[in-house]
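Single-letter residue listing:
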Protein chains: 2
Amino acid sequence: MTSPIAVQPQAADAAASARAPERHRVVIVGGGFGGLEAVQRLSGLPVAITLVDRRNHHLFQPLLYQVATASLATSEVAWPIRSILRRRPDVTTLLATAIGVDADAHRLLLDDGGGLSYDTLILATGARHAYFGHDEWEPFAPGLKTLEDATTVRRRILLAFERAERETDPEQQAALLTFVIVGAGPTGVELAGTIAELARDTLPPDFRNIDTHKARVFLIEAGPRVLAGYAEDLSAYAQRSLERLGVEVVLGQPVSECTADGVTYGDRQLAARTIIWAAGVKASPVAEWLGAPADRAGRLMVAPDLTVPGRPDIFAIGDTVTISAPDGKPVPGIAPAAKQQGRYVAEVIKARLRGEAAPAAFRYKHAGSLAQIGKRLAVIDFGRIKLRGALAWWIWGIAHIYFLIGLRTRLTVAVNWLWIHARNQRSARLITQGRNPPDRPVEP
Amino acid sequence: MTSPIAVQPQAADAAASARAPERHRVVIVGGGFGGLEAVQRLSGLPVAITLVDRRNHHLFQPLLYQVATASLATSEVAWPIRSILRRRPDVTTLLATAIGVDADAHRLLLDDGGGLSYDTLILATGARHAYFGHDEWEPFAPGLKTLEDATTVRRRILLAFERAERETDPEQQAALLTFVIVGAGPTGVELAGTIAELARDTLPPDFRNIDTHKARVFLIEAGPRVLAGYAEDLSAYAQRSLERLGVEVVLGQPVSECTADGVTYGDRQLAARTIIWAAGVKASPVAEWLGAPADRAGRLMVAPDLTVPGRPDIFAIGDTVTISAPDGKPVPGIAPAAKQQGRYVAEVIKARLRGEAAPAAFRYKHAGSLAQIGKRLAVIDFGRIKLRGALAWWIWGIAHIYFLIGLRTRLTVAVNWLWIHARNQRSARLITQGRNPPDRPVEP
């Protein structure tokens, strides 16, 4: 280990250097789509890779809303990172939280006071939901980025129905049966459609005192249409389909307040006990770590080769960066974009190690956009080809099952989806981790 | 509603009485094996049943250790109670916590200040793990009764390996790789065998700095043998099988201390970061509620017809009661015993409603005992027939899949078990709900 500041070599460092002291050290922060793709594309090169993530699992975010709506189990959308990489002896997986970068010393700083020296650093640390300067809304309007977020949202949705069943005051009952989703991007649309179906198809036979058909689902969007990134006719179709499922779509209305009682938009105060936030994200603080320029959402502005300006040995990819696509629009914060960036960075590193010319600047290729609307419809925007309806749903389903990791997950997800379709039964209607169990031990 | 103390009729009551004011009101507390069986056997009678549980799900406790050891997902061992009973219009399911009984007023008291009037009450409130007067051990040695217990134990087991991977001090590393299970009943045996296999078969290819084969699993039992309820030769076989899996079995040694550093038994202080408590239970406080006699574990002593002495309209069943089997031994706290009691109570109620003679006193019939030892062996004690080894494992597996609820769960559990056998891959290796994610929102 040759890092000049490593007076006391830290555990992780010592272990890594013991294994492969001569290899080019690549440290990757974040085991999401971008980070994992970089690891996979660096296979076979003379590098020693350390993948750092503060969670032990890779999360398949495109289906996280299905955990939040009781359709899938947590273990069907998440897999241990070190298990995914078990056949890669060149990769060390480290469960640790990165807290900064000492770029001059070429060192990633970890929360245990230690650090990792790198020859090349790839930051793929993602984003979290954001409240446009209203962080005080978060307790009332949880977002959907982690497994815990999903089980929190699931608990709140299911508890609202349970409390409504016990409530005798009609006004309170109506508020308990009102669900608000803020933000009509793909996640908002998918949440709204699935909650509407939960109330309409799954839950009615289970309750005795309430009619869950009376539940109201609001999808509130500040912009002029749902699925703003899609073609206009697909947006219109998605909106009609949602409305047919009973979702009340409110457009052009930014939410101005979220409280325990509900939301305010325009002049309207809507009493709702369950609010889910699907609007806006904030990047991880890598731009701050590096003192690099960022946009309003905190996304680091990377160079055309995805390096941090002035730091050719540091790449940043995925939701934590902003860069323009060939059409001038920003590259969207979706899995395929992060994967393309991970692949590109691996190519640049490969060229450098071989002493070849650097690849041309990163060019994002938009493969298409897919969103599910309830259990039988979807919209797909492949650019020239646009699909909607039942056929689009089949393509959506097959594509998502294809991208899941492992045959085991594919089988169990297929079984669960089959049950939703054939029987309206959702597999994971569990209320957990709330304040409910009073005898929960305190952790040491 | 004619309850004399119902000055302000409470929500639950009002709802129940609105539906069926003339029917005999049966209130059942607890949706475990006993409570659910009673509900099912009361089908077709002129009764209005209200099933109260503080959790929204029925838990298949015999497989809970598989959630704790990352083999199954939470939603594969738990199902929403109201979904199980959706085709029973005579049953109202209520998510509520019972806090007492006003036996003179024939009223179950709930934590929201309300209550439920009953004509017949069935208490099936179960038990929780207990520390023999050392509740201060609980933070260091969690037990295994709820889904949260299971995900807590799972997190601790998986985090211990993660921390060992980062640890450089050999002594600390050894303590992180030492797992202690206290209590060698079926749950303790099953936990010990599965953790040993996790370390030996599943995890080795995933780690770079530690050899997970070096993990030590201790099974510490105060009594003279493992599986004390089984025939002696099966106990001996189970012990030999565990030892072949690498488990260190310590018999005749009560644990005298549990701390963050490890356990003490006899003269030995064993450094261990992960301790799991599988010894001893404490009944729910129904005996206190009723001022009725109880044994040392708080189990209510019921009359031969499972009523509470002096209260013919209150039955108590399952793990919260103690009663003798025909052989003079106490009825064991297992699912079949609770189910037999639920069935018996339904028979008594049926006879009373029809004006027939009461059935003879409850007689427990022991069908058999089954315990899994690792993924390929089991022991089965059917009394006259005793089985062990691979055949016993198949019977164990088929019996458990049979008793799961719903074809969907049976399919996904079978898929997950197949993967464990064929690939050593465990489906639910997720570290969740710890202090790890620092950006977790505070709940309102």
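Residues numbered from 1 in each chain as written. Chains lettered and ligands numbered in written order. Predicted model: local features only at pLDDT ≥ 70, side-chain atom pairs only at ≥ 80, totals over all residues. Heavy atoms only, no water.

Per an unreviewed UniProt entry, chain A goes by the name NADH:ubiquinone reductase (non-electrogenic) and belongs to Phreatobacter stygius. Its UniProt record gives chain A the following Sequence similarities (unreviewed entry) comment, quoted word for word: "Belongs to the NADH dehydrogenase family." As its UniProt record puts it under Catalytic activity (unreviewed entry), chain A is described as follows: "a quinone + NADH + H(+) = a quinol + NAD(+)". (UniProt positions renumbered as here; feature names shortened; annotations may be inferred.)

Here we come to the packing of helix H12 (residues 407-423) of chain A against helix H12 (residues 407-423) of chain B. Here H12 of chain A crosses H12 of chain B at 180°, and the two axes come no closer than 10 Å. Relative to H12 of chain B, the element H12 of chain A is oriented roughly antiparallel. Taken together, the residues of H12 of chain B that come into contact with H12 of chain A (itself represented by Leu407, Arg408, Leu411, Thr412, Val415, Asn416 and Trp419 of chain A) are Leu407, Arg408, Leu411, Thr412, Val415, Asn416 and Trp419 of chain B. In terms of residue class, the contact of H12 of chain A with H12 of chain B is made up of 8 nonpolar, 4 polar and 2 charged. (Axes fitted to C-alpha atoms, helices over the stretch in contact; angles between N-to-C directions. Helix = DSSP H or I, 4+ residues; strand = E, 2+ residues; numbered from the N terminus. Parallel < 35°, antiparallel > 145°, perpendicular 65-115°, else oblique. Contact = heavy atoms within 4.5 Å. Nonpolar A, V, L, I, M, F, W, Y, C, P; charged D, E, K, R; others polar.)

Side chains carrying opposite charge are able to pair once their charged atoms draw close together. All names here are of chain B. Counted by the stated rule, this structure contains 38 salt bridges over all chains. Note that Asp104 and Arg311 form a salt bridge whose closest N and O atoms lie 3.0 Å from each other. A residue pair is termed long-range when its members are at least 10 positions apart, and Asp104 in the loop between strand S6 (98-102) and strand S7 (107-110) and Arg311 in strand S21 (residues 311-316) qualify at 207 residues. On the basis of relative accessible area, Asp104 is assigned to the exposed category, the value being 61%. Arg311 sits in the partly exposed class, given a relative accessible area of 28%. (Salt bridge = Lys/Arg side-chain N within 4 Å of Asp/Glu carboxyl O. Buried < 20%, exposed > 50% of the residue type's maximum accessible area, 1.4 Å probe, protein only.)

The transform that puts chain A on chain B rotates by 180° and translates by 0.0 Å along the axis, for an RMSD of 0.0 Å. A rotation of that kind, with that shift, is consistent with a two-fold axis. Distance from the rotation axis, computed per C-alpha, reaches its smallest value in chain A at Thr412 of chain A: 2.7 Å. Same-surface contact between copies: 100% of interface residues of chain A are shared with the interface of chain B. (Least-squares fit on C-alpha atoms with pLDDT ≥ 70 in both.)

Let's shift gears to the UniProt feature "domain: FAD/NAD(P)-binding" (unreviewed entry) in chain A. Residues annotated by UniProt as "domain: FAD/NAD(P)-binding" (unreviewed entry) correspond here to residues 25-342 of chain A. Between the end C-alpha atoms of residues 25-342 of chain A the distance is 17 Å, and the span holds 28% helix and 27% strand.

Under the criterion given, the structure shown has 24 aromatic pairs over all chains. Ring geometry for Trp393 of chain B and Trp394 of chain B: centres 5.4 Å apart, planes at 85°, overall edge-to-face. Using a relative accessible area of 6% as the deciding quantity, one classes Trp393 of chain B as buried. Here Trp394 of chain B falls in the exposed class, since its relative accessible area comes to 55%. By the ring-pair criterion, three or more aromatic residues cluster together here, those being Tyr131, Phe132, Trp137 and Trp277 of chain A. If you follow Arg82 of chain A out to its NZ or CZ, it ends over the ring of Phe207 of chain B, 4.1 Å from the centre. (Phe/Tyr/Trp six-rings, centres within 6.5 Å; stacked < 30°, edge-to-face > 60°. Lys NZ or Arg CZ within 6 Å of the ring centre and 35° of its normal.)

Here we come to the sheet that holds S6 of chain B. Residues and elements named next belong to chain B. What the 3 strands build is an open sheet, ordered S6-S7-S8; its pairing is antiparallel. Both edges of this open sheet fall to S6 and strand S8 (115-117), since each of them pairs with a single strand only. Strand-to-strand twist of the sheet, defined as the mean angle between neighbouring strand axes without regard to direction, takes the value 20°. Bridging between S6 and S7 involves 4 bridges; their strand directions are antiparallel. The residue bridging Asp102 from the neighbouring strand is Arg107, located in S7. (Pairing = 2+ DSSP bridges.)

This next bit is on the interface of chain A and chain B. In this complex, chain A contributes 77 residues to the contact, which on the side of chain B involves 77 residues. The contact between chain A and chain B buries some 6,900 Å² in all, and 52% of this surface belongs to carbon and sulfur atoms. Inspection of the chain A/chain B interface yields 6 salt bridges. Here Asp112 of chain B makes a salt bridge to Arg166 of chain A, at a shortest N to O gap of 2.6 Å. Linking chain A to chain B there are 27 residue pairs in polar contact (both at pLDDT 80 or more). (Buried area = accessible area lost by both parts, 1.4 Å probe. Polar contact = N/O pair within 3.5 Å; in protein donor to acceptor, adjacent residues only side chain to side chain.)

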